[in-house]
Amino acid sequence: MCNKLEQVFSQLANAEISNKDNVYTIVVAKENLRQAAETLRNNDIVRFDFLRDIIGMDYTDSLGVIYNLSPSEDLSVIVLLESRTDDRENPAFDTVEDLWLSAPFYEREVHDFFGIRFLGNPDMRRIFLRQDWRGYPLRKDYDSSPIINPIPLENEDLDSLEYLPVLDLKDIDKERKSVFDKGDFVVNFGPQHPATHGVLHLRVSLDGEVIKKVDPNFGYIHRGIEKICEVSMYHQILHLADRLDYLSGSINRHAVCMAIEKGIQLEVPPRAQYVRTIIDELTRIASHLLGWGAMAMDMGAITAFVYGMRDREKIMKIFEKTCGGRLMANYSMIGGLMEDIHPDFQKDVKEFVVYMRKMLREHHILFTGNPIARGRMEGVGHLTREQAISIGATGPVGRASGWQCDVRKIEPYAAYDKAEFTAVLREGGMTFDRYYIRLDEIEESLKIIEQLVDNIPEGPFCAKPKPIVKLPEGEYIQRVENARGDFSVYINSRGDKFPYRVKFRSPSLVLVNVLKHIAPGNKIADLIMLGGSLDYVIPCIDR
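Residues numbered from 1 in each chain as written. Predicted model: local features only at pLDDT ≥ 70, side-chain atom pairs only at ≥ 80, totals over all residues. Heavy atoms only, no water.

1. Examining the pairing of strand S4 (residues 63–70)
1) Next: Counting buried positions over the eight residues of S4 gives eight, a clear majority of the element.
2) Next: Alternating positions in S4 separate into two faces, Leu63, Val65, Tyr67 and Leu69 on one and Gly64, Ile66, Asn68 and Ser70 on the other, with burial throughout.
3) Next: Pairing of strand S3 (residues 50–58) with S4, which is carried by eight bridges, proceeds in the antiparallel orientation. The residue of S4 that forms the bridge with isoleucine 54 is tyrosine 67.
4) Next: A loop of four residues connects S3 with S4, the two strands running antiparallel in sequence, and threonine 60 in this loop sits at a positive phi of about 75°.
5) Next: In terms of strand pairing, S4 meets strand S5 (residues 78–85) through seven bridges, oriented antiparallel. Counted as the bridge partner of leucine 69 is valine 79 from S5. (Buried < 20%, exposed > 50% of the residue type's maximum accessible area, 1.4 Å probe, protein only. Helix = DSSP H or I, 4+ residues; strand = E, 2+ residues; numbered from the N terminus. Pairing = 2+ DSSP bridges.)

Right, here's the structure in full:
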């Protein structure tokens, strides 16, 4: 792979290339950014067809973008393609929205928070904030005065969501483009509706009962977590990570801990590594049980939801005993664990494994084999492997389309290298595949737990870091496999006790993007079921 990468990088004009821990940083001038992106995406040697994220940066004297890329054939390789502009008044880069299907949302996010335009992207509406918001919150010179942005007393005018903004002076006299065609019948789903699985606003155009187009709008519970991180010490950031994807809170927190531990070169005791892994897998099972029950309820099976919550409660009780919390376990900390495991932890976990295997069979009998449910799910909502990669749909959704993207296998962390398990794949890419794969993953999680729970090493449960943690100057990336896919943490440190920039890669954001591609052509009655099969969590998007 190294030789292949060298061949690809040799095609990049005037690029500064460095490598640290298998993360390649490529810095190019903004005039060469588009060409570099095309080369990485379309070359015949190693195609970087997975755009993990686009990170906006304010370097104080300039603004910049960082493209986090990997080839789908070897996700252990990460490339950070970086570029800057000194123009803070009208910052702009060429768009890559035609190269990766994930790019349009990412570019709108960077524009929303940094004011950077992407030339050639036809949709530069704000994606989280109101269209009439003044300023760009993640810039270092942002004025947060409530006088500039007073609390709005009226709902946002839907017309402001309909028309695409004019970003180029040469287009100022042209007719404004709209999201939907003239005369389209547009229905609003959400944001105050339980079937959208959170405060998500979907504007859907219909031709009779058939979906033509879906336009998602976010930001209804945006909390500015990445901005808060910039004024929080590292141990305080852990509590914010819990509250992103709250159904994967322990896994997200684990990722932040590992990023910080990597930065300060702190070795975590083996006992903590084993327990962290077990807690992560219990969290995954709890999330999949809730996702399974909620999707079944979306199709009218209330009993399945009750069963899922019943089984999930067993895990919550284990968490409550050992961690002290339930939904927010607050268990991992920098260096290891908050406290040692409860004396009953191993006994309770082993009892749960036996119980859950029995209940899995019951779940399949109750719903998987139901002919009405099968009829609703089979042959609906097709997502190809190529689409999954280009959109960046990782986790169960990507694997249901045949893409092997499990971070636990690609880059084993904690104690995952001590357990034998299968990263389950399905080839169909249909709604039924996305439904079924989560039940299969529960069984694999049980296997991991079963192998580790009796082999938890003796010894300390935490390595003590310094009272005030300071990461050396540099960039730090850590990714984990949460219940919805690749959750990545990017930290840019200037050597201070506060991070200079923190970016969380939301797997749920791209899952809503999937909805835009699989919903058109299907019936409006299937829209909520399709969303349930994607299992996105809105607070993970509204960071």
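2. Remarks on the nonpolar core
1) Next: Formed by 151 residues in total, the largest nonpolar core has its most connected members in Tyr67, Leu81 and Phe504.
2) Next: Take this core: its biggest share by element is 12 residues, from helix H8 (residues 270–298).
3) Next: Residues within four places of phenylalanine 504 in sequence aside, it is in contact with Asp53, Ile225, Glu226, Cys229, Ile237, Leu244, Val256, Phe487, Ser488, Val489 and Arg543. (Core = buried A, V, L, I, M, F, W, Y, C linked by side-chain atoms within 4.5 Å. Contact = heavy atoms within 4.5 Å.)

3. Regarding a negative patch on the surface
1) Next: A cluster of acidic side chains, namely Asp61, Asp86, Asp87 and Glu89, defines a negative patch on the protein surface.
2) Next: Position of aspartate 61 among the secondary structure elements: in the loop between S3 and S4.
3) Next: By relative accessible area, which is 53% here, aspartate 61 ends up exposed. (Patch = residues over 30% accessible without salt bridge, like charges linked within 9 Å, V, L, I, M, F, W, Y side chains within 5 Å. Areas by Shrake-Rupley, 256 points an atom, 1.4 Å probe, with all protein chains shown as cover. Salt bridge = Lys/Arg side-chain N within 4 Å of Asp/Glu carboxyl O. Lys, Arg positive; Asp, Glu negative; His and termini not counted. Charge placed at Lys NZ, Arg CZ, Asp CG, Glu CD.)

4. Let's talk about unusual backbone geometry
1) Next: Despite not being glycine, glutamine 265 has its phi angle at roughly 55°, a positive value.
2) Next: Along the chain, glutamine 265 turns up in the loop between helix H7 (249–264) and H8.
3) Next: Even without being a glycine, aspartate 535 presents a positive backbone phi close to 60°.
4) Next: With respect to the helices and strands, the residue aspartate 535 is situated in the loop between helix H17 (527–534) and helix H18 (538–541).

5. A closer look at the packing of aromatic side chains
1) Next: For the coordinates displayed, the defined rule picks out 10 aromatic pairs.
2) Next: Between phenylalanine 432 and tyrosine 436, the aromatic rings sit 5.6 Å apart at their centres with planes inclined by 55°, giving tilted as the arrangement. Pair noted here: phenylalanine 432 and tyrosine 436 are both in helix H15 (residues 431–453), with a separation of four residues, about one helical turn.
3) Next: Residue classification places phenylalanine 432 among the buried residues on the basis of a relative accessible area of 8%.
4) Next: In this structure an aromatic cluster arises from ring pairing among Phe105, Phe113, Phe128 and Phe218.
5) Next: Over the ring of tyrosine 307 we find arginine 310; its NZ or CZ atom is 4.5 Å from the centre of that ring. (Phe/Tyr/Trp six-rings, centres within 6.5 Å; stacked < 30°, edge-to-face > 60°. Lys NZ or Arg CZ within 6 Å of the ring centre and 35° of its normal.)

6. Quick notes on the sheet that holds S3
1) Next: A sheet is described by the order of its strands in space; here five strands give the open sequence S1-S2-S5-S4-S3, paired in mixed fashion. Two strands in the sheet have a free side with no partner beyond their single neighbour: strand S1 (16–20) and S3. Between one strand axis and the next, the sheet turns by 20° as a mean value, whatever way the strands run.
2) Next: Sitting on the sheet, helix H1 (residues 2–9) touches S1, strand S2 (23–27) and S5, and the angle it makes with S2 is about 10°.
3) Next: Along the sheet, helix H2 (residues 30–42) makes contact with S4 and S5, crossing S5 at roughly 160°. (Axes fitted to C-alpha atoms, helices over the stretch in contact; angles between N-to-C directions.)

7. Topic: the state of the cysteines
1) Next: Following the criterion strictly, the structure yields zero disulfides and no others.
2) Next: With no disulfide partner, cysteine 405 has as its closest neighbouring cysteine sulfur the one in cysteine 540, 15 Å distant.
3) Next: Considering cysteine sulfurs only, cysteine 229 is the nearest to cysteine 540, which forms no disulfide, with 13 Å between them.
4) Next: Look at cysteine 540 and you get buried, because its relative accessible area is 0%. (Disulfide = S-S within 2.5 Å.)

8. Structural notes on H1
1) Next: Of the residues making up H1, those classed as buried are Leu5, Val8 and Phe9. All buried residues of H1 fall inside an arc of 95° around its axis, so they share one side. Across from the buried face of H1, at angles greater than 90 degrees, the exposed residues are Asn3 and Glu6.
2) Next: Lining the buried residues of H1 we find S1, S2, H2 and S5. (Arc of directions from axis to C-beta.)

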